[in-house]
Amino acid sequence: MKILIARSDREEYKEYQVEVKSGETTVMDILDDIYENLDHTLAYYKHSTCNQGICGRCAVKLNGRTVLACMEKVDSSQDTITIEPKNGKVVRDLVTE
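Residues numbered from 1 in each chain as written. Predicted model: local features only at pLDDT ≥ 70, side-chain atom pairs only at ≥ 80, totals over all residues. Heavy atoms only, no water.

S.K.: How do you make sense of the packing of aromatic side chains when you look at a structure like this?
M.R.: Pairs of aromatic rings are described using the distance from one ring centre to the other and the angle between the two planes. Tallying each qualifying case throughout the model produces one aromatic pair. Each ring, one from Tyr 35 and one from Tyr 44, has its centre 6.1 Å from the other, and the planes form 70°; the classification is edge-to-face. For Tyr 44, a relative accessible area of 11% corresponds to the buried category. (Phe/Tyr/Trp six-rings, centres within 6.5 Å; stacked < 30°, edge-to-face > 60°. Buried < 20%, exposed > 50% of the residue type's maximum accessible area, 1.4 Å probe, protein only.)

As structure tokens, then:
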């Protein structure tokens, strides 16, 4: 699947190719995969303790709709998804104040 992520340092979208398993892959899984295997410079809120949709720090926009990255499953039938920071002042990439 093609993933487009808003990158604040470049003021553009960066494209990544990631394998998505139908009904299993969350937005957080995609972000973790990109960070660990493709681009160590991607900034996002990685969970260390919550990962249960409780704290809300991982909120991002998925195709224009605000979701919790740790809880939102990705529809594998889509060819492309876009991930952007939620509303607020962007610190870097998907991290907001």
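S.K.: Got a minute to help me understand the environment of Met 71 in this structure?
M.R.: Position of Met 71 relative to the elements: it lies in the loop between strand S4 (65–68) and strand S5 (80–85). Residue Met 71 is classed as partly exposed on the basis of its relative accessible area, which comes to 46%. Linking Met 71 and Glu 19, residues 52 residues apart in sequence, is a C-alpha distance of 18 Å. Once you skip the residues sitting within four places of it in the chain, Met 71 turns out to touch Thr 26, Gln 52 and Gly 53. (Helix = DSSP H or I, 4+ residues; strand = E, 2+ residues; numbered from the N terminus. Contact = heavy atoms within 4.5 Å.)

S.K.: So what exactly am I meant to see when it comes to helix H1 (residues 27–38) here?
M.R.: Count 3.6 residues to each turn of an α-helix, and residues three or four apart come out pointing the same way. The terminal C-alpha atoms of H1 lie 16 Å apart, and with 12 residues this matches the ideal 16 Å at 1.5 Å per residue to within 8%. When H1 is considered as a whole, its buried residues turn out to be Val 27, Met 28, Ile 30, Leu 31, Asp 32 and Ile 34. Looking at the packing, one finds that the buried side of H1 touches strand S1 (2–7), strand S2 (12–17), strand S3 (59–62) and S5. (Expected span 1.5 Å × (residues − 1).)

S.K.: I would appreciate a short explanation of unusual backbone geometry in the present structure.
M.R.: Most peptide bonds take the trans configuration, and most residues that are not glycine carry a negative phi. Even without glycine at this site, Asn 63 takes up a positive phi of about 50°. Along the chain, Asn 63 turns up in the loop between S3 and S4. Look at Asp 93: it is not a glycine, yet its phi comes out positive at around 50°. If you trace the backbone, Asp 93 turns up in the loop between strand S6 (90–92) and strand S7 (95–96).

These values are about where atoms sit, not about what they do.
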